[in-house]
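Residues per chain, in single letters:
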Amino acid sequence: MPEKFDAIVVGAGPAGIACAYELAKAGVSVLLLERGEYPGSKNVMGGVLYRKMMEEVIPDFHKEAPLERPIVEQRFMMMDKSSAVTFSYKGLEWAQEPFNNFTVLRAKFDQWFAGKAVEKGALLVNETVVLECIVENGKVVGVRTDRPDGELRADVVVLADGVNSLLAKSLGFHKEFRPDEVALATMEILKLDKKLIEDRFNLEEGQGCTIELFGDATKGILGTGFLYTNKDTLSIGVGSLLSGLIKHKIKPYELMEYVKKHPMIRPYIQGAEPQEYLAHLIPEGGYRSIPKVAGAGVLVVGDAAQLVNAIHREGSNMAMTSGRIAAETILAAKEREDFSEESLDLYRQRLMSSFVGQDMKKYKDSTHHFDKFPQYFEQYIPMMNKAMSQMLTVDGSSKWEKQKKIWRDIGTAKQKFKIARDIYRAWKVMK
Amino acid sequence: MLHIVACIKQVPDTKIIKMNPKTNTMDRASAPAILNPYDSHAVEEAVRLRSRYGGTVSVLTMGPPPAVKAIKKCIEIGADEGYMITDRAFAGADTLATSYALTKALQKIAETRPIDLIICGKMTIDGDTGQVGPGIARRLDMPPLTSVNKVVELNREEGYAIVHRKLEDGYEVIRSTLPCLLSVEKEINDVPYSTMTNMLRAARYQPHIWSVNDLPDIDKTQLGLKGSPTIVSSVWAPEKPKGGTQLEGNPQEQVRQLIDILLERKELFQGVT
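Residues numbered from 1 in each chain as written. Chains lettered and ligands numbered in written order. Predicted model: local features only at pLDDT ≥ 70, side-chain atom pairs only at ≥ 80, totals over all residues.

### Topic: unusual backbone geometry
Here's step 1: The linkage connecting Glu97 of chain A with the following residue, Pro98 of chain A, adopts the cis geometry, with an omega of 5°.
Here's step 2: On the secondary structure map, Pro98 of chain A appears in the loop between strand S5 (84-90) and strand S6 (101-103).
Here's step 3: Of note, the bond from Leu178 of chain B into Pro179 of chain B is cis; its omega dihedral lies within 30 degrees of zero at -5°.
Here's step 4: With respect to the element layout, Pro179 of chain B can be found in the loop between strand S11 (170-177) and strand S12 (180-184).
Here's step 5: Phi angles above zero are rare outside glycine, and Glu127 of chain A is one such case at about 55°.
Here's step 6: Note that Glu127 of chain A resides in the loop between strand S7 (123-125) and strand S8 (130-136).
Here's step 7: Given 17 C-beta atoms within a 10 Å radius, Glu127 of chain A is considered partly exposed.
Here's step 8: Positive phi, normally seen in glycine, also occurs at Arg313 of chain A, with a value near 40°. (Helix = DSSP H or I, 4+ residues; strand = E, 2+ residues; numbered from the N terminus. Buried ≥ 20, exposed ≤ 12 C-beta atoms within 10 Å, placed from the backbone.)

The structure is reproduced here in structure tokens:
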């Protein structure tokens, strides 16, 4: 007889671990299955971990978790070929408790986080791939793994198997994602002396900085790049929608090499030695791509449920919150002894009324909008760079003349109208 | 009932490990810790013998607390029990001190369940000596059988084992008394993908953990760095060979040139018909 658990969580990332942690803490039997050698071995993100949502799972985690640096400054660089307009906010309120967010390296962090779930009583089994959910009478009753005698039973199976969730797909919860619903990101971890990092990024000891890159970082293709500071490494990466890569016939690693050589980036990473190369898909379809997230005996959390806010590069926080809400739903369902779809649908309702659902809804059209109208990245960012250059270059012409020239360079009345319309549209999809 | 103990070690994965260029020592933090590959075959052989003859398979290791992971790996392969001796007093041990500490632990294990057979991996991939197994055998006064690549028969009642020992040009068949100690080659078996039952058992399993004070009649002067006569006076990397010939051209041309060079070297083909 296959062993039966109260819950089986498939995938040890932020969503799956948060869910397993909460379930184990409440004393129910939970099995956490991970295909990698250890949790984190296959997990990738740029590296920003948000304090608030993590704290809702493990209070005071920052005192013991393997974190890299608390982020005190966030910069946004609008890049052209050899220039950049940069906005930034630096606040020392972020340098002290309760902090805002941290950079992390997932291979270390996820291992630690899973260890906390195990401490609470979750059972962790690595190096095991779940092939399919076992469905009986329209209800998910367990999973079949790739191991001999690999069948396992549970009242609820939580699918935290990440972007492109094959398990949710095989249950018919979503179709194969389209190339404009997923981004492909590549990143490198570069080793650099601690002190040099702090000097180059204008940081006090131990503090961190993030730089988000727009425009020429992705050669004008819709997407973003990033450069984050870790303890003694930098994380640099670039990602863009698959549809954009296909349309422009560009390979992700070519974008990566381009960013690393970009004159606005090169000075930051000079002399840093590549340590790791990673690549991963990111669900960026937004609200409209969220699949069915609750069925009889099954819930879908994290990336598997497409819970990523691409505009604010948030994902791990949404993953954790979804995992936590899933756990609470399972505990309530267990009390009622009702694991039907109606009972578990409480998860969807609570998820959608939380910040996760609300933010997904707010930006529901944003990715699609910028994908449909490439001029923002292709034209307006270079235009902004040119305008700044003209305004700030002291060449003897009067400031009135400069303004006139900038205004003239934007183009005809028709083009100006188009820009105004695009600005209004962008505001509309983001508001 | 047959009782087999496999002695195992957690080692840094030397496939990935970086060397410190200044000291020529391994940067152990740079590589993940794994179960010594030879030892996984030792445990697998013990498990196979158990399925042939019945009995119990225990594993024993000496190491720092994280080495529990290596014991769990052995439970995944199918071992029944795991024992670990861990103590600062054991730190810095060479093969002599290690075999002494393990012997003391084996004697303690044997108090509850007499041991019929000890199996070790041929050697560890971090130390490469292959001395600990024979060291244990000598201390327990049992025959050490090294380079074993097949166990033909175990007979507990009549007290003998028949095994094959790998030689350079074949193998020899040996009949030994039991108990004895085998150190095994990798080709003795293939370690299969573990069953889900074993994975769950390993995830739940808590090994028996002993410190130096749990081992009776132990002579502390024979432990750890103090008990280790080995002195590492210097470590160096082998010099890179100089000279040689570099072949130019496309792959096909290079292969053709290489074949010509090899065919000229008649000594390479001595004995080949």
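### Some details on the packing of helix H3 (residues 95-112) of chain B against helix H4 (residues 132-139) of chain B
Residue and element names in this part refer to chain B.
Here's step 1: It is the contact of H3 with H4, at a shortest axis distance of 8 Å, that shows an interaxial angle of 55°. As far as their axial angle goes, H4 and H3 are oblique. In this structure, H3 meets H4 at a crossing whose hand is right-handed. Facing H3, whose interface residues are Thr95, Leu96, Thr98, Ser99, Tyr100, Leu102, Thr103 and Leu106, H4 presents Val132, Gly135, Ile136 and Arg139.
Here's step 2: Within the contact of H3 with H4, the residues separate by chemical class into 6 nonpolar, 5 polar and 1 charged. (Axes fitted to C-alpha atoms, helices over the stretch in contact; angles between N-to-C directions. Parallel < 35°, antiparallel > 145°, perpendicular 65-115°, else oblique. Left-handed = near helix turned anticlockwise from the far one by under 90°. Contact = placed C-beta atoms within 7 Å. Nonpolar A, V, L, I, M, F, W, Y, C, P; charged D, E, K, R; others polar.)

### Considering the nonpolar core
A general feature of soluble globular proteins is that nonpolar side chains tend to end up buried together.
Here's step 1: Leu32, Val158 and Leu299 of chain A together with Ala6 of chain B are the most contacted members of the largest nonpolar core, which has 187 residues in total.
Here's step 2: Contact partners of Ala6 of chain B, with chain neighbours within four places excluded, come to Asp39, Ala42, Val43, Ala46, Val57, Val59, Cys74, Ala79 and Ile119 of chain B. (Core = buried A, V, L, I, M, F, W, Y, C linked by C-beta atoms within 7 Å.)

### Digging into the UniProt feature "domain: FixC-like C-terminal" (unreviewed entry) in chain A
Here's step 1: The UniProt entry lists residues 367-431 of chain A under the feature "domain: FixC-like C-terminal" (unreviewed entry), expressed in the numbering used here.
Here's step 2: Structurally, residues 367-431 of chain A comprises 83% helix and 0% strand, and the distance from its first C-alpha atom to its last is 14 Å. (UniProt positions renumbered as here; feature names shortened; annotations may be inferred.)

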